[in-house]
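Below are the chains, spelled out letter by letter.
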Amino acid sequence: MSFTKIIDSTRDLLRNDPNKRWLKILLLIGIGCHLLYLSIRILPSYPNGDGPEYVLMTEALYNHASPDIRISDIESFKKAATRSHKWDQVGRFYDFNDYEAFLKKESHPFMDYHKGMFVSKDNKFYFYHFYTYSLLNVPLRFISQINNFTPLRIYQVTNAIIIIVTCFILLFYSSYKPWPTIFIALSYVFSSVYWYMGWPSPEVLSISLVTLSFWFFFQGKRFLPIFLLAFAGMQNQPLAILAIYISLVVIFEQGIKIKPIARLFFANLLFILPPVFYYYHFGTANLIKDTGILDWGVVTPNRILGFFTDLNQGMILVIPLLLLTYPLLWIRELIAAIKTRDFRHHLLIPFFLIGMISIFCTMINWNHGMAVINRYATWSSAVLMIHAFYMLKGFSLVKQTLIITACFIVQLASVLFNNKYYNHLDWDQNLNKPWAIWVYENIPWIYNPDPNIFFVRTSKSYNFIPEESPVVYLDKAGVLCKILVHKDHLNKLTQWGVPADKLDSLSQTRCYTNGWAYFNKGEIVSDYSAAELLNVKKEARIKILIEDMLRSTEWYKEIQKKAIQNNVSVEEMMRRDAIYLYSLETN
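Let me sum up the structure you'll find in this document.

Cut-offs used in this document
- One numbering rule holds for all chains: residues counted from 1, following each sequence as written.
- Note on the predicted model: pLDDT of at least 70 is required for a residue's local features to be given, and 80 or more for side-chain atom pairs to be given and counted; whole-chain, interface and lining totals, by contrast, use all residues.
- Computation of side-chain values: all heavy atoms of the structure, hydrogens and water removed.
- Going along the chain from the N terminus, every DSSP run of H or I of four or more residues is numbered as a helix, and every run of E of two or more is numbered as a strand.
- Remark: exposure states derive from per-residue accessible area (1.4 Å probe, protein chains only) relative to the maximum for the residue type, with buried under 20%, exposed over 50%, and partly exposed in between.
- His is not counted, nor are the chain ends; Lys and Arg add positive charge and Asp and Glu add negative charge.
- Lysine's charge is taken at NZ, arginine's at CZ, aspartate's at CG and glutamate's at CD.
- By definition here, a helix of n residues has an expected span of 1.5 Å times n minus one.
- By the convention used here, residues are in contact when the closest approach between their heavy atoms is within 4.5 Å.
- When DSSP finds two or more bridges between a pair of strands, those strands are recorded as paired.
- Basic side-chain nitrogens of Lys or Arg form a salt bridge, by our definition, when they fall within 4 Å of a carboxyl oxygen of Asp or Glu.
- Note on definitions: angles span 0 to 180 degrees between N-to-C directions of axes, and those axes are lines fitted to C-alpha atoms, for helices only across the stretch in contact.
- Two rings from Phe, Tyr or Trp (for Trp, the six-membered ring) form a pair when their centres sit within 6.5 Å of each other. Planes less than 30 degrees apart are called stacked, planes more than 60 degrees apart edge-to-face, and all others tilted.
- Note on angle classes: values under 35 degrees are labelled roughly parallel, values over 145 roughly antiparallel, values of 65 to 115 roughly perpendicular, and the remainder oblique.
- Note: crossing handedness is left-handed where the near helix turns anticlockwise from the far helix by less than a right angle, and right-handed where it turns clockwise.
- Polar here means any residue outside two lists: the nonpolar Ala, Val, Leu, Ile, Met, Phe, Trp, Tyr, Cys and Pro, and the charged Asp, Glu, Lys and Arg; Gly therefore counts as polar.
- Here a polar contact means two N or O atoms within 3.5 Å. Within protein one must be a hydrogen donor candidate and the other an acceptor candidate, and residues neighboring in sequence count only if both atoms are side-chain atoms.

Looking only at helices and strands, the chain has 27 helices and six strands in total. The principal-axis extent of the C-alpha atoms belonging to the chain is close to 75 × 60 × 60 Å. Counting only residues that meet the buried cut, the chain has 54% of its 587 residues in that class. Once the 56 positive and 45 negative side-chain charges of the chain are each reduced to a mean point, those two points are 11 Å apart.

Between its first and last C-alpha, helix α13 (residues 240–254) extends 20 Å over 15 residues, near the 21 Å set by a 1.5 Å rise per residue. Within the span of α13, buried status applies to L242, A243, Y245, I246, S247, V249 and V250. In this structure, the buried residues of α13 make contact with α11 (203–217), α12 (223–233), α14 (258–268), α19 (349–360) and α20 (375–391). Where α13 ends, the next residue or the one after it, G255, has phi of about 80 degrees, a positive value.

With respect to burial, strand β6 (residues 516–520) is a largely interior element, five of its five residues being buried. Residues of β6 alternate between two faces, with W516, Y518 and N520 on one and A517 and F519 on the opposite face, all of them buried. Sheet analysis places strand β5 (residues 480–486) next to β6, joined by five bridges and oriented antiparallel. For L484, the partnering residue across the bridge sits in β6 and is Y518.

Going through the model one piece at a time under the given rule, you end up with 24 salt bridges. Among the salt bridges present, the one from R332 reaches E333, with a minimum N-O distance of 3.9 Å. When the shortest N-O distance is used, the salt bridge between R575 and E539 registers 3.0 Å. Of this pair, R575 sits in helix α27 (residues 570–586) while E539 sits in helix α25 (residues 530–551), and the two are 36 residues apart along the sequence. Salt bridges here are not isolated pairs; linked through shared partners, they connect R92, D95, D98 and K115.

Moving on, we come to the sheet that holds β5. The strands that make up a sheet are held in pairs by hydrogen bonds between backbone atoms, and each pair lies either parallel or antiparallel. Judged by pairing direction, the sheet is antiparallel, and its three strands sit side by side in the order β4-β5-β6 without closing on themselves. At either margin of the open sheet sits one strand with a lone partner, and together these are β4 (471–474) and β6. For this sheet, the mean angle separating the axes of adjacent strands, direction not counted, is 10 degrees.

Turning to the packing of aromatic side chains, a few remarks are in order. With the rule as written, the count across this model stands at 53 aromatic pairs. Pairing F93 with Y94 gives two aromatic rings, centres 5.5 Å apart and planes at 70 degrees, and the pair type is edge-to-face. Accessibility expressed as a relative area gives 14% for F93, which makes it buried. When the ring of Y376 is compared with that of W379, the centres are 5.8 Å apart and the planes differ by 85 degrees; the resulting orientation is edge-to-face.

On to the sheet that holds strand β2 (residues 117–119). In space, the three strands of this open sheet follow the order β1-β2-β3, with antiparallel pairing throughout. Of all the strands in the sheet, the pair left with one neighbour each is β1 (113–114) and β3 (125–127). As defined by bridge partners, β1 adjoins β2 across two bridges and the pair is classed as antiparallel. Residue pairing across strands places Y113 opposite F118, the latter belonging to β2.

Turning next to the packing of α12 against α13. Helix-helix packing: each pair is described by the crossing angle between the helix axes and the interaxial distance. With their axes 9 Å apart at the nearest point, α12 and α13 run at an angle of 160 degrees to one another. By the angle between their directions, the pair α12 and α13 is classed as roughly antiparallel. Pair α12 / α13 crosses with left-handed handedness. Residues F223, P225, I226 and L229 of α12 form the contact with α13, whose participating residues are L242, A243, I246, S247, V250 and Q254. Residue classes in the contact of α12 with α13 are distributed as eight nonpolar, two polar and no charged.

Neither face of β4 is open: one carries V471 and Y473, the other V472 and L474, and all of them are buried. Linking β4 back to β5 in an antiparallel pair, the connection comprises five residues, with G478 at a positive phi of about 90 degrees.

Mapping L36 onto the fold places it in helix α2 (residues 21–42). When its relative accessible area of 32% is taken as the criterion, L36 is described as partly exposed. Taking C-alpha positions, L36 is 27 Å from L384, a pair spaced 348 residues apart along the chain. Not counting residues up to four positions away in its chain, the partners in contact with L36 are A160 and I164.

This part takes up the side chain of N374. Residue placement: N374 occurs in the loop between α19 and α20. For N374, the contacting residues outside a window of four places in its chain are Y196, F307, Q313, W366 and H368.

With that out of the way, let us pick up the environment of Q237. Looking at the secondary structure, you find Q237 in the loop between α12 and α13. The exposure class assigned to Q237 is partly exposed, which follows from its relative accessible area of 29%. In contact with Q237, other than residues within four places in its own chain, are F271, P274 and P275. Among the polar contacts made by the side chain of Q237, one reaches the main-chain carbonyl oxygen of F271 at a distance of 3.3 Å.

Here it is as structure tokens:
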């Protein structure tokens, strides 16, 4: 083919020549084959995050068409899971053992609970997460029984199918020209949804439904987007905030009339199913709230901003260029609206989005299991992506294509750089990301994450209490880069060589957030040498590892066996193993 014909062919494609649909079809086939291969052959069949809950709910629905968990459900799951593996090789077998032990307790008072499983009024057992996602996996659970493969594999396949269907809609129901459409679809596929594909929980479903909701919304649909949000909202109730926005748009456009109000009611109806379900069984609309893991007191401007920009778990890790471009596009739209005196309701989207994010930020544990980014940021980033692409429609075709393509390339490069492993086990919350490490060691004062994030990722401990401070970040050379300390335990800085007579002056220079404050390189001087600081860090980590061994029944049993084999005390064996694990972490 001559160069001229290549240019002509490309120009036809940019003009959305219907004869060029073959390119979208080939792309969809390629993506579909890639995702299905990953889901069947590559991804570990491991129940990340809240996976054990959804696995058992799927098993219950498969066995008796009800989400109440019974001992027979755990037994049938064990039987199916051990067709190809020994029980102690099945991912998180110990969690399933814990649930079984809880079910077998002699008595269960109303509202007794264990790891998200609650006892209802009629003495049945339900999880505090709703079962929509589990229900979607039931068909493949039947197929897994027929084809004799592990029931933990079905979730990856379901997730792959959800992504493929979403990609099909993005490619073939688009008001964009072909090239922008193709890169929008690629941006979706290789967004955070790609990194959550191995998780047997609703992240993939939620980001896909939110993506499609706003995709249809910006193409003039109104009630379908609300229905999709409501469907996703059965698993994530705060999505109701986005549905409220679209509902207000409908009222603004169509007025307060019986027909649109009735349609709005039915479009939003799915949102009320979980509260009604839990109120019927427990007398409360939200079991998660009743566990005490939510608290408006932990919501801070820093946490909300970090939802977007945090270098360890914010959206910026997945959509860096698009996140920087978004406010510029929004300001451009705002200026145009002011000039034309045209009310553009889509300019309100960021405010509703921040309202929804504020609800997410009530989670006390702000460093939970995740893949690349905070799991709640997955579907929130979808809103920004689709809204940004919509605001690009005012640009020329060439500019649209260049900006969307650049955002996709930077997005892919960022995720690959910040995530060393593809869909590994849910240990991502234990690691400081490369960008965060570089900032800690070079310009630590510009990055002060929510204390929970710094505490867990730096100390590797989940015991986030004031008594465990300070938490100190040292570089490999032993240079003191950043310290997190609670105001009630400043005196413990002396353990790191900080002179006691300096503590009062240090305290007076800090502003505390919920009692915690940071000190950065140059603000604190230690009397210890670099080697001594590294040794303090080593001993602190060994102490935490030994505490983890003591808390884990299975781990402690293994230590006891090894102690007998090596003819040493259990205490000595724990220390040896802790030193070995520490060496792996630091190499």
